[in-house]
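Descriptive analysis of the structure
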Amino acid sequence: MKKSRDKNLKMKHIYYMILVIVSSCAQNGKEAKTNSNQTIEKIENSKDSISIQELKLLTKVEAIHKYGIPSSIEQFTLHDAHGEFRNTITNKYSQKERQNESIVIDELTWEKDQETWITVWYEVQQKKSVPKEIYIWNKGDEF
């Protein structure tokens, strides 16, 4: 049990360090560093420039390289009580998998156009984060 808590605490620290780096670079303007020392340039997306089909095939790092720094980034451990917004990712896993609370999800949201957001949920695995579900929603929607 202690080992699991230590691992979760370590992952949270790593995640927060990456989040701080990405946030500070986004505020300063143009680029951020990934954990593999690759530079990510912030790009402005033209209307409908984000391809859902491509997002299904790209890892998290590849998607950031292609579409720029997301508007928001969150990481959470999957369980049964995430609320309506995360139902689509929650339902991708069995109740037993969710109850184990061993699945870590990165949630990245980009602005698709002036009226819509696109959220991609990536399952965090040892070597990379792979897309598990995509959700397009209108700005101003409340969950």
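Owing to the predicted nature of the structure, the values given are computational and were not obtained by experimental measurement. (Residues numbered from 1 in each chain as written. Predicted model: local features only at pLDDT ≥ 70, side-chain atom pairs only at ≥ 80, totals over all residues. Heavy atoms only, no water.)

1. Some thoughts on the packing of aromatic side chains
Two descriptors summarise a pair of aromatic rings, namely the distance from one centre to the other and the angle between the planes of the rings. Inspection of the entire model under this criterion finds six aromatic pairs. Within the aromatic cluster, the residues linked to one another by ring pairs are Phe85, Trp117, Trp121, Tyr135 and Trp137. The side chain of arginine 86 reaches across the aromatic face of phenylalanine 76, ending 3.8 Å from its centre. Above the ring of tryptophan 117, the side-chain terminus of lysine 139 is found at 4.8 Å from the ring centroid. (Phe/Tyr/Trp six-rings, centres within 6.5 Å; stacked < 30°, edge-to-face > 60°. Lys NZ or Arg CZ within 6 Å of the ring centre and 35° of its normal.)

2. Comments concerning the sheet that holds strand β5 (residues 116-124)
Here four strands make up an open sheet; going across it, the order is β3-β4-β5-β6 and the pairing antiparallel. Each end of this open sheet is capped by a strand with a single partner; those strands are β3 (72-77) and β6 (129-138). The sheet shows a mean angle of 20° between the axes of neighbouring strands, direction not considered. Bridging between β3 and strand β4 (residues 104-111) involves six bridges; their strand directions are antiparallel. Of the residues in β4, the one forming a bridge with glutamate 74 is glutamate 107. Against the sheet, helix α3 (residues 60-67) touches β4, β5 and β6, its axis set at about 10° to β4. (Pairing = 2+ DSSP bridges. Helix = DSSP H or I, 4+ residues; strand = E, 2+ residues; numbered from the N terminus. Axes fitted to C-alpha atoms, helices over the stretch in contact; angles between N-to-C directions. Contact = heavy atoms within 4.5 Å.)

3. A few points about the pairing of β5
Among the nine residues in β5, seven count as buried, and that is most of the element. Counting the residues between successive antiparallel strands, the hairpin from β4 to β5 contains four residues. The loop that links β5 with its antiparallel partner β6 comprises four residues. (Buried < 20%, exposed > 50% of the residue type's maximum accessible area, 1.4 Å probe, protein only.)

4. Details of unusual backbone geometry
With phi around 50°, glutamate 101 is a residue other than glycine that occupies positive phi space. With respect to the element layout, glutamate 101 can be found in the loop between α5 (95-100) and β4.

5. Considering the nonpolar core
Counting residues in each nonpolar core, the largest one holds twelve residues, listed as Ile50, Leu55, Leu58, Ala63, Ile64, Tyr67, Leu108, Trp110, Ile118, Val120, Tyr122 and Ile134. Every element with two or more residues in this core is listed here: α3, β4 and β5. In this structure, Phe76, Phe85, Trp121 and Trp137 belong to the second largest nonpolar core, which totals nine residues. (Core = buried A, V, L, I, M, F, W, Y, C linked by side-chain atoms within 4.5 Å.)

6. Some words on the confidence of the model for the protein
Confidence in the prediction of the protein, expressed as mean pLDDT, is 76, and 66% of residues score 70 or more. Confidence drops under pLDDT 50 across residues 19-48; counting only partners more than four residues distant or on other chains, this segment forms 46 contacts. (pLDDT = per-residue confidence, 0-100.)

7. Describing the pattern of salt bridges
Per the counting criterion, the structure on display carries seven salt bridges. The residue arginine 86 makes a salt bridge to glutamate 74 at a minimum N-O spacing of 3.1 Å. With arginine 86 in the loop between β3 and α4 (87-90) and glutamate 74 in strand β3, this pair connects stretches of sequence that are twelve residues apart. Looking at arginine 86, the relative accessible area reads 12%, which means it is buried. With relative accessibility at 39%, the residue glutamate 74 sits in the partly exposed group. Ionic pairing is found between glutamate 123 and lysine 132, a salt bridge with its closest N-O pair at 3.9 Å. (Salt bridge = Lys/Arg side-chain N within 4 Å of Asp/Glu carboxyl O.)

8. Side note on the side chain of lysine 112
With respect to the secondary-structure elements, lysine 112 resides in the loop between β4 and β5. Within polar-contact distance, the side chain of lysine 112 engages the backbone oxygen of isoleucine 50 at 3.0 Å. (Polar contact = N/O pair within 3.5 Å; in protein donor to acceptor, adjacent residues only side chain to side chain.)

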